[in-house]
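Architecture at a glance
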Amino acid sequence: MSAFLFWIFALLTLIFGAAVILNRNPVASALSLVVSFLGLAALFMSLNAYFIGIIQVLVYTGAVMVLFLFIIMLLDLRAEEGRRINWLASAGGLAVALIFLGQIFSVVGHLTIAHKAFPPLPGSTIDDVRNIGAALFGNYNLPFQIVGVLVLVATIGVVLLSKRQPR
Amino acid sequence: MITLGDYLIVSGILFVIGFAGVMLRRNLIIILMSLELMLNAANLSLVAFSRFRVDSTGLPDYDVQVFVFFIITVAAAEVAVGLAILVALYRARQTTDVKDISSLKF
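Residues numbered from 1 in each chain as written. Chains lettered and ligands numbered in written order. Predicted model: local features only at pLDDT ≥ 70, side-chain atom pairs only at ≥ 80, totals over all residues.

Our next topic: the overall build of chain A. Tallying secondary structure elements over chain A gives 6 helices and 0 strands in all. Here chain A has a C-alpha radius of gyration of 21 Å; the compact-globule value for 167 residues is 15 Å, and the former is much larger. The principal-axis extents of the C-alpha atoms in chain A amount to approximately 60 × 40 × 25 Å. Sorting the 167 residues of chain A into buried and exposed places 22% on the buried side. (Helix = DSSP H or I, 4+ residues; strand = E, 2+ residues; numbered from the N terminus. Rg over C-alpha atoms; globule rule 2.2 N^0.38 Å. Buried ≥ 20, exposed ≤ 12 C-beta atoms within 10 Å, placed from the backbone.)

Here it is in structure tokens:
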């Protein structure tokens, strides 16, 4: 895996991730999130997790982002006008985030395995989908079915929530 | 040479971006997007550890990738429910600003 490509995609992910929370227009935020997730999918593929990368593109940049854009267009949200900002609360939130960032840097810096390179894989191609499928339907069959029930419950819940209540 | 630490740092910065979005923004849709960023940052560090920990057959740890698959599924369900709540809220109050929704505030 090329180091150059890693830094390109990492910067793409981080810059557009920051654009999500810096944009005032919700549509621009949603489109930045699409680019950020595409960069993240490329990072997954650079880790030889091809199946997860494909799922990331299909589920997030395909389904979830269409849902976000649909809701933004449906509610006709405009860019929020500059309201009075509570500087004390904002500074507090930013301080907590920065302290958390410092904590992550210090933990990763002291982790000995974090300075090792990734071990090489045996072949040039690995049977990614086959191995995940074997684990999913073998060892993790019960959790898989429970997740199926969860998705069903979410579907019914969404239908109930968006039904107009009779007055 | 790219090490495990580089991926962990990228994942940590992405998580902090999402965290700052939840703390600083007041639009509920942007807060939901920031939640997605945080979930994906966790996924990135999980996949990096999966690639780092090769087992005796020399393959990555696929149990972790199954876990990431479950996280993606639950996150998709969570977004659907969250946006449905948002639409119901907008229908009742005509706003998506968290500052305007203070009925439960003590």
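Broken down by element type, chain B carries 3 helices and 0 strands. The order of helices and strands in chain B, counted from the N terminus, is α-α-α. Over its C-alpha atoms chain B spans a radius of gyration of 18 Å, topping by over 25% the 13 Å that the globule rule assigns to 106 residues. By residue count, 44% of the 106 residues in chain B fall in the buried class. Taking the contacts inside chain B whose residues are at least 6 apart along the sequence as the reference set, 49% of them involve residues at least 24 apart. (Contact = placed C-beta atoms within 7 Å.)

What follows covers the nonpolar core. Counting residues in hydrophobic clusters, the biggest one holds 59 residues, and the most contacted among them are A:F44, B:M33, B:L44, B:V47 and B:A48. Of all the secondary structure elements, the ones that give two or more residues to this core are α1 (3-22), α2 (26-46), α3 (50-75), α4 (87-110) and α5 (128-137) of chain A together with α1 (4-24), α2 (28-52) and α3 (62-93) of chain B. At 12 residues, the largest contribution of residues to this core is made by α2(B). Among the domains, domain 1 (1-79) and domain 2 (127-167) of chain A are the pair contributing at least three residues each to this core. (Core = buried A, V, L, I, M, F, W, Y, C linked by C-beta atoms within 7 Å. Domains from an automatic or database assignment.)

For B:N40, the position within the fold is in helix α2. Taking C-alpha positions, B:N40 is 8.4 Å from B:I72, a pair spaced 32 residues apart along the chain.

Once that is clear, we can look at the packing of α3(A) against α2(B). For the pair α3(A) and α2(B), the least separation of the axes is 12 Å and the interaxial angle reads 175°. On the basis of the axis angle, α3(A) is roughly antiparallel to α2(B). Each of A:I52, A:V64, A:F68, A:I71 and A:I72 in α3(A) lies in contact with α2(B), whose residues at this interface are B:I29, B:M33, B:E36 and B:V47. For the contact of α3(A) with α2(B), the residue count by class is 8 nonpolar, no polar and 1 charged. (Axes fitted to C-alpha atoms, helices over the stretch in contact; angles between N-to-C directions. Parallel < 35°, antiparallel > 145°, perpendicular 65-115°, else oblique. Nonpolar A, V, L, I, M, F, W, Y, C, P; charged D, E, K, R; others polar.)

By a frequent convention, interface size equals the accessible area lost on bringing the separate parts together. Its domain assignment divides chain A into domain 1 (1-79) and domain 2 (127-167). A separation of 23 Å is found between the C-alpha centroids of domain 1 of chain A and domain 2 of chain A.

Look at α2(B): 37 Å from first C-alpha to last across 25 residues, which is about the 36 Å you get at 1.5 Å a residue. Of all 25 residues making up α2(B), 19 are buried, and the element is well covered by its neighbours. (Expected span 1.5 Å × (residues − 1).)

Across the contact, 68 residues belong to chain A and 61 residues belong to chain B. If you list the elements that add at least two residues to the side of chain A that touches chain B, you get α1, α2, α3, α4, α5 and α6 (141-162) of chain A. Looking at the side of chain A that touches chain B residue by residue, the classes come out as 56 nonpolar, 10 polar and 2 charged.

Turning to the confidence of the model for chain B, a few remarks are in order. Atomic detail in the predicted coordinates should be set aside for any region of low pLDDT. Residues and elements named next belong to chain B. Residue-level pLDDT values for chain B average 89, and 100% of them are 70 or greater. Averaged over each element, pLDDT in chain B is lowest for α3 (91) and highest for α2 (93). Model confidence for the complex is summarised by a pTM of 0.91, with the ipTM given as 0.90. (pLDDT = per-residue confidence, 0-100.)

This part covers unusual backbone geometry. Phi at A:N48 is positive, roughly 65°, even though this residue is not glycine. Locating A:N48 in the fold gives a position in the loop between α2 and α3. You will see that B:Q94, though not glycine, has its phi angle at about 55°, which is positive. Relative to the helices and strands, B:Q94 resides in the segment after α3.

What follows deals with the packing of α1(A) against α2(B). Packing of α1(A) against α2(B) brings their axes to within 9 Å, and their N-to-C directions diverge by 155°. Taken together, the axes of α1(A) and α2(B) lie roughly antiparallel to each other. The two elements α1(A) and α2(B) meet at a crossing, and its hand is left-handed. Across from A:G17, A:V20 and A:I21 in α1(A), the residues of α2(B) making contact are B:I30, B:M33, B:S34 and B:L37. Counted by class, the contact of α1(A) with α2(B) contains 5 nonpolar, 2 polar and no charged residues. (Left-handed = near helix turned anticlockwise from the far one by under 90°.)

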